[in-house]
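A structural walkthrough
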Amino acid sequence: MKILRHLIIYTLLIMVLGCTPSDADFQSNIPVNEPIEETEVPIATDKLPESFNLDIQFYSQAPQSDWGMPYQEACEEASMILAYNYINLREMTVEEFDQALRDMVQWQIDTYGIHKDITIEELGIIAEKYLGFANFEVIDNPTVDQIKGFLVKGYPVIAPFAGRALGNPFFTAEGPIYHMLVIRGYEEGPNGLRFITNDVGTRRGKNFVYDEKVLMNALHDWVDGSLKDPSLMNEGAKRILVLKGM
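Quick notes on the rules
Residues numbered from 1 in each chain as written. Predicted model: local features only at pLDDT ≥ 70, side-chain atom pairs only at ≥ 80, totals over all residues. Heavy atoms only, no water. Patch = residues over 30% accessible without salt bridge, like charges linked within 9 Å, V, L, I, M, F, W, Y side chains within 5 Å. Areas by Shrake-Rupley, 256 points an atom, 1.4 Å probe, with all protein chains shown as cover. Salt bridge = Lys/Arg side-chain N within 4 Å of Asp/Glu carboxyl O. Helix = DSSP H or I, 4+ residues; strand = E, 2+ residues; numbered from the N terminus. Buried < 20%, exposed > 50% of the residue type's maximum accessible area, 1.4 Å probe, protein only. Core = buried A, V, L, I, M, F, W, Y, C linked by side-chain atoms within 4.5 Å. Contact = heavy atoms within 4.5 Å. Polar contact = N/O pair within 3.5 Å; in protein donor to acceptor, adjacent residues only side chain to side chain. 1 Å grid on protein atoms, 1.4 Å probe; cavity = no way out; pocket = protein on both sides within 12 Å on 5 of 7 lines; lining within 4 Å. Points joined across faces, edges and corners; volume = space filled by probe spheres on them. Nonpolar A, V, L, I, M, F, W, Y, C, P; charged D, E, K, R; others polar. Pairing = 2+ DSSP bridges. Expected span 1.5 Å × (residues − 1).

A cluster of nonpolar side chains, Tyr112, Ile114 and Ile125, forms an exposed patch at the surface whose accessible area comes to about 270 Å². Relative to the assigned elements, isoleucine 114 resides in the loop between helix H4 (94-112) and helix H5 (120-130). Take isoleucine 114: its relative accessible area is 44%, and that puts it in the partly exposed class.

Now the structure itself:
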């Protein structure tokens with residue numbers, strides 16, 4: 001009986017380990033690239049490189065592993081700071097990033113009296129009023145080729161999602177009802193196109209890849225009432241925020 005019990009435990013352990021997601025399965029190893037000079041607007045689809053990856057620094061929205069408030073709800077701020085720093089050719093220490101995130105949250109509380117879920121347009125307003133940055137564009141119903149074209153020009157893309165539709169295995173439980181991340185690149189693989197992201201919702205989010213169809217299907221802006229009824233997120237507009245440089 002003891003041998004049989006050990007055999008069963010060993011078998012179950014193998015099964016569990018075999019089902020545990022590996023970082024390597026979800027992270028791109030595509031090297032970073034320099035942006036392509038803007039000779040055409042937009043860049044013709046047949047001139048887009050097969051793969052591309054912007055050198056955007058990564059920290060999660062809980063840069064020092066504290067997932068309490070306000071970090072739990074700071075994916076929007078974290079995504080904006082990462083993308084904005086890239087445009088400014090700036091890198092931060094983890095302490096600087098943490099402070100920058102908390103300062104942006106506090107500014108919203110001081111200005112609006114609340115820190116809440118932010119639509120992609122509201123994030124643009126915060127960028128303009130708080131960061132003094134206005135060279136961005138909100139794009140409705142973006143296509144895959146549009147996103148690729150922005151990236152190769154060196155324009156980071158911030159995108160909002162129905163977070164649970166992303167299916168990220170490293171999210172806690174079902175994952176967030178609403179989520180934002182930075183799209184930094186893309187790669188063609190044997191199973192099709194995958195977008196390369198800085199997913200601030202997990203410490204494993206650097207160069208995190210999502211299948212093109214998963215990412216585009218989950219792309220939805222915030223809808224009021226979604227915290228009570230998460231299914232409302234599936235009705236959110238498909239919209240992205242593109243940072244276009246200083």
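Now, onward.
Our focus in this paragraph is the nonpolar core. Ranked by size, the top nonpolar core spans 67 residues in total, and within it Met80, Ile158, Ile183, Phe195, Ile240 and Leu243 carry the most contacts. Per element, the largest residue contribution to this core is 9 residues, and it comes from helix H3 (residues 75-87). Every residue in contact with methionine 80, bar those within four places of it in the chain, is listed here: Met104, Leu123, Ala127, Leu131, Ile158, Leu241 and Leu243.

Within the secondary structure, threonine 202 is located in the loop between strand E5 (192-198) and strand E6 (208-211). Side-chain polar atoms of threonine 202 contact the backbone nitrogen of arginine 204, separated by 3.0 Å.

As a further point, take the layout of surface pockets. Considered as a void within the structure, the largest pocket measures approximately 530 Å³ in volume. Lining the largest pocket we find 23 residues, and of these Gln61, Trp67, Gln72, Pro176 and Gly201 sit closest to its centre. Considering only residue class, the lining of the largest pocket consists of 10 nonpolar, 9 polar and 4 charged.

Turning next to the pairing of strand E7 (residues 239-243). Of all 5 residues making up E7, 5 are buried, and the element is well covered by its neighbours. Every second residue of E7 is oriented toward a common face, with Arg239, Leu241 and Leu243 on one face and Ile240 and Val242 on the other, all of them buried. Looking at chain direction, strand E3 (residues 157-162) and E7 are connected through 2 bridges and run antiparallel. By the bridge assignment, valine 157 is partnered in E7 with valine 242.

For the rest of this paragraph, the subject is H4. Between its terminal C-alpha atoms H4 stretches 27 Å, which fits the 27 Å expected from 19 residues at 1.5 Å a residue. Those residues of H4 that sit buried are Phe97, Asp98, Ala100, Leu101, Met104, Val105, Trp107 and Gln108. Buried residues in H4 make contact with H3 and H5. Residue glycine 113 follows H4 closely and has a positive phi angle near 80°.

Two side chains carrying opposite charge are able to pair once their charged atoms lie near each other. Going through the model one piece at a time under the given rule, you end up with 8 salt bridges. When salt bridges that share partners are traced, they join Asp140, Asp221 and Arg239 into one network.

This next bit is on the pairing of E3. Residues in a regular strand project their side chains so that they alternate between the two faces of the sheet. When you tally the buried positions in E3, you get 6 out of 6 residues, the bulk of the element. Neither face of E3 is left uncovered, since the one carrying Val157, Ala159 and Phe161 and the one carrying Ile158, Pro160 and Ala162 both have all their residues buried. Relative to strand E4 (residues 178-189), E3 runs antiparallel, the two being bridged by 6 bridges. Directly across from isoleucine 158, in E4, lies its bridge partner valine 182.

Function cannot be read off these values alone, since they describe shape.
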